[in-house]
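Chain residues, written in single-letter form:
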Amino acid sequence: METLLAITIGCLVAAAVYLMLARDMLRFLFGLTLISNAVNLAIFASGRITVGGVPPLVPDGEKYPVGDVANALPQALILTAIVIGFGLFAFSLVLAMRAYSALGTLDTDAMRLSEADDEKGDAA
Amino acid sequence: MSWYLTLPLMTPFVVSVLAFLARRNGAGRWIAVAGSLVGVALSLLLMAQILRDGVVVGQMADWPAPYGITLAADLLSGIMVLLTAIAGLAVTLYATAEIDAELEGLGFFAVLQLLLGGVTGAFLTGDLFNLYVWFEVLLISSFGLLVMGGTREQIDGAVKYVTLNLVSTIVFLCGLGLLYGATGTLNMADLRGAVDASDQQGLITVLAMFFLLAFGMKAAMFPLFFWLPASYHTPTSTVSAIFAGLLSKVGVYSLLRAFTLIFDNDVGYTHTLLLWIAALTMIAGILGALAQTDMRRVLSYQIISSIGFLLMGLALFTPLAIAGAVFYLVHNIIVKVNLFLVAGVAERLTGSSQMARMGGLYKSAPLFGVLFLVPAFALAGFPPLPGFWAKVLLVSAALEVEAWLLVAIALAVSLLTIWSLMIVWIRVFWTPHPDGIEPKLSDLGEDRLPLLLPIAGLGILAIGIGLFPQGLVLLSQGVADQLLNPQAYVDAVLGTNQ
């Protein structure tokens, strides 16, 4: 199971890095979501995979869960990370849209407005 | 009194909601000012408690560490929370004059308070995952502040700021997950023992590099600083000032915390690397500053060289060096906020932030010249201003360990800092304005008080620290002692002594 996850994570990271090296901002953002999903899987794997375990519920009359139970903490971490990542991705998509309408391009090489080095005064 | 820790943390969020509800009728800004005053008072009380009782710890809902959510404040956290509150008050007051009703209607003051809340949370948390969450809180608020106004320059700067900061949070998250896999805990105090006990020290060092990369990107260290000068000069001066004062310092704080409390097992590798990074950060920052033609971009690059000085203190890893870094941190937050506020007023008076389009300020507003010279001299390190004492501590720490090259670099960079500030002084204050206008402070009208009061206040604070450095030196030494001997912190958080 770990091997399978490791290969999946590797593929995701490879695809993500390929996309993030592109000059197009939209491609970069898609790469970013891919790599954040790869990281989520990595957290999941590093919390140890329980095969044949049960949810960490406390049975009636017991004080602790019995038997092999799944580790719930990495899942909670990932859930938080997914929510935050979703919010940030939504923001960056809107930003990309605004950038396209304001600057007329999504080519990051052409985005030099805030770093204009001439002395002609404010570029805006 | 552990519940007390939630007060300075929750206040900005409550104020934020109130300021948002009152954003349309012009009362929101004054709610924010009042809330910031309360924040300063609360953080002073917190500081007093830390000085009296040592490390203050709060376990949320009484779940014991390392299982619950831990808030912990040692001297370093206390100082940083206090500085956040002071910087927050200064920029909020300044913002009442700079921010128009339209931006306030968009919720400017509410988002500003959220940012302060996020920064305070990052300083108070005792758990690495919560640190990640607080990073996100301050990050999303900073995104909002950065694009508010929506000029083309702002959008362009925001693209770089947002994308590179997102990359750094992903690196942080990945390091976090793998560290959990290697040690089984994310509570910082608990991690100290767990990392020491780990039989995979090589893996721990690799994980330390993840955190160095993530925090270093936030702190704008070499070679990961390019987002900073691309974005910090684009938003309103208020936002520039608070970003310059606090955001990169959150990264430095996290580095200080992580590389004293958790990753101090392989100092020979991690801290030597930090030393090289520190030297290169100083040089790269100041050379960048010398090449700029925009006043706020000069100041932005100077932030980077200051980060180099801070990293140098951490990298030398002696009590004197850490004390120097803490002193420098305090001085730099005050001075940098001050300089960016001065730049904002200068821009308003002369109509541009391009130095070629500025000038004549000394002739027509000599008092304003003094207000610039105080933080400028403080940053450059003229006695008796605080920058001098900070550099004395750092350089003598470097001399103690016979790091001659580092001393030479630090002193050369200080000299170049003076040069870059002289360029600003000559072009903005001495040369006549290209259009022949004579900008007077009275042109500011009734905005004069809210604009100049924070600048003067921070200037007086800097002079005060410079004239009576003894208290802060002792405090910094206390911080260094706590950071290098974190057993008290660990015991306080884990409750092992009770």
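Rules and cut-offs
- Residues numbered from 1 in each chain as written.
- Chains lettered and ligands numbered in written order.
- Predicted model: local features only at pLDDT ≥ 70, side-chain atom pairs only at ≥ 80, totals over all residues.
- Heavy atoms only, no water.
- UniProt positions renumbered as here; feature names shortened; annotations may be inferred.
- Helix = DSSP H or I, 4+ residues; strand = E, 2+ residues; numbered from the N terminus.
- Rg over C-alpha atoms; globule rule 2.2 N^0.38 Å.
- Buried < 20%, exposed > 50% of the residue type's maximum accessible area, 1.4 Å probe, protein only.
- Patch = residues over 30% accessible without salt bridge, like charges linked within 9 Å, V, L, I, M, F, W, Y side chains within 5 Å.
- Areas by Shrake-Rupley, 256 points an atom, 1.4 Å probe, with all protein chains shown as cover.
- Salt bridge = Lys/Arg side-chain N within 4 Å of Asp/Glu carboxyl O.
- Contact = heavy atoms within 4.5 Å.
- Buried area = accessible area lost by both parts, 1.4 Å probe.
- Nonpolar A, V, L, I, M, F, W, Y, C, P; charged D, E, K, R; others polar.
- Phe/Tyr/Trp six-rings, centres within 6.5 Å; stacked < 30°, edge-to-face > 60°.
- Lys NZ or Arg CZ within 6 Å of the ring centre and 35° of its normal.
- Lys, Arg positive; Asp, Glu negative; His and termini not counted.
- Axes fitted to C-alpha atoms, helices over the stretch in contact; angles between N-to-C directions.
- Parallel < 35°, antiparallel > 145°, perpendicular 65-115°, else oblique.
- 1 Å grid on protein atoms, 1.4 Å probe; cavity = no way out; pocket = protein on both sides within 12 Å on 5 of 7 lines; lining within 4 Å.
- Points joined across faces, edges and corners; volume = space filled by probe spheres on them.
- Expected span 1.5 Å × (residues − 1).
- Left-handed = near helix turned anticlockwise from the far one by under 90°.
- Core = buried A, V, L, I, M, F, W, Y, C linked by side-chain atoms within 4.5 Å.
- Pairing = 2+ DSSP bridges.
- Disulfide = S-S within 2.5 Å.
- Polar contact = N/O pair within 3.5 Å; in protein donor to acceptor, adjacent residues only side chain to side chain.

- Per an unreviewed UniProt entry, chain B carries the name Na+/H+ antiporter subunit D and comes from Meridianimarinicoccus roseus.
- Note on chain B: under the UniProt heading Sequence similarities (unreviewed entry), the record states "Belongs to the CPA3 antiporters (TC 2.A.63) subunit D family."

- Chain A is annotated in an unreviewed UniProt entry as Cation:proton antiporter of Meridianimarinicoccus roseus.
- The record held by UniProt for chain A lists under Subcellular location (unreviewed entry) the comment "Cell membrane".
- Checking UniProt for chain A, the heading Sequence similarities (unreviewed entry) contains the comment "Belongs to the CPA3 antiporters (TC 2.A.63) subunit C family."

Considerations on the overall build of chain B
Phase 1: Within chain B, the secondary structure is distributed over 21 helices and 2 strands.
Phase 2: Relative to the 2.2 N^0.38 estimate, which gives 23 Å for 498 residues, the radius of gyration of chain B is 22 Å and therefore close to what a compact globule would have.
Phase 3: Once the C-alpha set of chain B is aligned to its principal axes, its extents read approximately 70 × 55 × 40 Å.
Phase 4: By residue count, 66% of the 498 residues in chain B fall in the buried class.

Observations concerning a nonpolar patch on the surface
Residues and elements named next belong to chain B.
Phase 1: A surface patch of nonpolar side chains, about 560 Å² in accessible area, is lined by Met 10, Val 14, Val 17, Leu 18, Phe 20 and Leu 21.
Phase 2: Position of Val 14 relative to the elements: it lies in helix α1 (residues 6-21).
Phase 3: The exposure class of Val 14 is partly exposed, given its relative accessible area of 46%.

Notes on the interface of chain A and chain B
Phase 1: With 40 residues of chain A at the contact, the number on the chain B side is 39 residues.
Phase 2: At the boundary of chain A with chain B, total buried surface from both sides reaches about 3,500 Å², with 70% on carbon and sulfur atoms.
Phase 3: Connecting chain A to chain B are 0 salt bridges.
Phase 4: Put simply, the parts of the chain that give the side of chain A that touches chain B at least two residues each are α2 (25-46) and α3 (72-103) of chain A.
Phase 5: Considering each element in turn, the side of chain A that touches chain B owes the most residues, 14 residues, to α3(A).
Phase 6: Its residues assigned to classes, the side of chain A that touches chain B shows 24 nonpolar, 9 polar and 7 charged.

A look at the packing of aromatic side chains
Residues and elements named next belong to chain B.
Phase 1: Taken as a whole and judged by the stated rule, the model has 30 aromatic pairs over all chains.
Phase 2: Relative to Phe 211, the ring of Phe 172 lies with its centre 5.8 Å away and its plane at 75°, an arrangement referred to as edge-to-face. One end of the pair, Phe 172, is in helix α7 (residues 152-183); the other, Phe 211, is in helix α9 (residues 201-219), and 39 residues separate them in sequence. For the pair Phe 172 and Phe 211, a shared accessibility class is recorded, and that class is buried.
Phase 3: Centroid distance Phe 388 to Trp 389: 5.0 Å. Interplanar angle 70°. Geometry classified as edge-to-face.
Phase 4: Over the aromatic face of Phe 309 sits the side chain of Lys 391, whose NZ or CZ is 5.0 Å from the ring centroid.

Some words on the side chain of Lys391(B)
All names here are of chain B.
Phase 1: Residue placement: Lys 391 occurs in helix α17 (residues 386-400).
Phase 2: Here Lys 391 sits buried without a salt bridge, and the closest side chain of opposite charge, Glu 400, lies 20 Å off (N-O distance).
Phase 3: Apart from residues lying up to four places away in sequence, Lys 391 is in contact with Phe 309, Tyr 328, Leu 379, Ala 380, Gly 381, Ser 396 and Ser 414.

Side note on the packing of helix α8 (residues 188-197) of chain B against helix α11 (residues 237-262) of chain B
Residue and element names in this part refer to chain B.
Phase 1: Packing of α8 against α11 leaves a shortest axis separation of 9 Å and a crossing angle of 40°. The orientation of α8 relative to α11 falls into the category oblique. Each of Met 188, Ala 189, Leu 191, Arg 192 and Val 195 in α8 lies in contact with α11, whose residues at this interface are Arg 257, Thr 260, Leu 261 and Ile 262.
Phase 2: By residue class, the composition of the contact of α8 with α11 is 6 nonpolar, 1 polar and 2 charged.

Concerning empty space enclosed by the protein
Residue and element names in this part refer to chain B.
Phase 1: In the structure shown here, the tally under the stated rule is 5 cavities of 30 Å³ or more.
Phase 2: Size it by volume and the largest cavity reaches roughly 140 Å³.
Phase 3: What lines the largest cavity is a set of 15 residues, and nearest its centre among them are Pro 8, Pro 12, Gly 39, Ala 85 and Thr 120.
Phase 4: Secondary structure elements with two or more residues in the lining of the largest cavity: α1, α2 (28-53), α3 (75-98) and α5 (108-124).
Phase 5: The leading source of residues in the lining of the largest cavity is α3, at 5 residues.
Phase 6: Partitioned by chemical class, the residues of the lining of the largest cavity number 6 nonpolar, 9 polar and no charged.

Observations concerning the UniProt feature "transmembrane region" (unreviewed entry) in chain A
Phase 1: In the numbering used here, UniProt assigns the "transmembrane region" (unreviewed entry) feature to residues 6-22, 29-52 and 72-96 of chain A.
Phase 2: Taken end to end, residues 72-96 of chain A has its terminal C-alpha atoms 36 Å apart, with 100% of it in helix and 0% in strand.

Examining α3(B)
Phase 1: Along its 24 residues, α3(B) runs 34 Å from first to last C-alpha, staying within 8% of the 34 Å computed at 1.5 Å per residue.
Phase 2: In terms of burial, α3(B) is a largely internal element, 21 of the 24 residues being buried.

Some remarks on the packing of α17(B) against helix α18 (residues 404-430) of chain B
All names here are of chain B.
Phase 1: Put simply, α17 and α18 touch, their axes get as near as 8 Å, and they point 155° apart. The pairing of α17 with α18 is recorded here as roughly antiparallel in orientation. In this structure, the crossing between α17 and α18 has a hand that is left-handed. Contacts between α17 and α18 involve Lys 391, Val 395, Ala 398 and Leu 399 from the former and Trp 404, Leu 406, Val 407, Leu 411 and Ser 414 from the latter.

With respect to the nonpolar core
Residues and elements named next belong to chain B.
Phase 1: Among the nonpolar cores identified, the biggest contains 218 residues, and Phe 108, Leu 128, Tyr 161, Phe 243, Phe 368 and Phe 372 are the most heavily contacted of them.
Phase 2: Looking at this core, the element that brings in the most residues is helix α14 (residues 319-350), giving 20 residues.
Phase 3: Sequence-distant contacts of Phe 372, defined by excluding residues within four places in its chain, comprise Met 295, Leu 339, Val 342, Leu 421, Val 424, Trp 425 and Phe 429.

A look at the pattern of salt bridges
Close approach of charged atoms allows side chains of opposite charge to pair.
Residues and elements named next belong to chain B.
Phase 1: Following the criterion strictly, the structure yields 12 salt bridges over all chains and no others.
Phase 2: A salt bridge links Asp 264 to Arg 192; its shortest N-O distance comes to 3.2 Å. Taken together, the positions of Asp 264 in the loop between α11 and α12 (267-291) and Arg 192 in helix α8 put the pair 72 residues apart, joining distant regions of the chain.
Phase 3: The salt bridge partner of Asp 435 is Arg 357, with a shortest N-O separation of 3.1 Å.

Focus on the pairing of strand β2 (residues 70-73) of chain B
All names here are of chain B.
Phase 1: Of the two faces of β2, the one carrying Thr 70 and Ala 72 and the one carrying Leu 71 and Ala 73 are both buried.
Phase 2: Bridge count for strand β1 (residues 56-59) against β2 is 4 bridges, and the pairing is antiparallel. In the strand pairing of β2, Val 56 is matched with Ala 73.

Topic: the state of the cysteines
In a disulfide, the sulfur atoms of two cysteines are covalently bonded to one another.
Phase 1: Under the definition given, this model contains 0 disulfides over all chains.
Phase 2: Free cysteine: Cys11(A), not disulfide-bonded; nearest cysteine sulfur from Cys174(B) at 16 Å.
Phase 3: Assessed through its relative accessible area of 15%, Cys174(B) is described here as buried.

What to know about the environment of Asp24(A)
All names here are of chain A.
Phase 1: Tracing the sequence through the fold places Asp 24 in the loop between α1 (2-20) and α2.
Phase 2: Separated by 61 residues in sequence, Asp 24 and Gly 85 place their C-alpha atoms 20 Å apart.
Phase 3: In terms of polar contacts, Asp 24 uses its side chain to reach the backbone amide nitrogen of Leu 26, at 3.0 Å.

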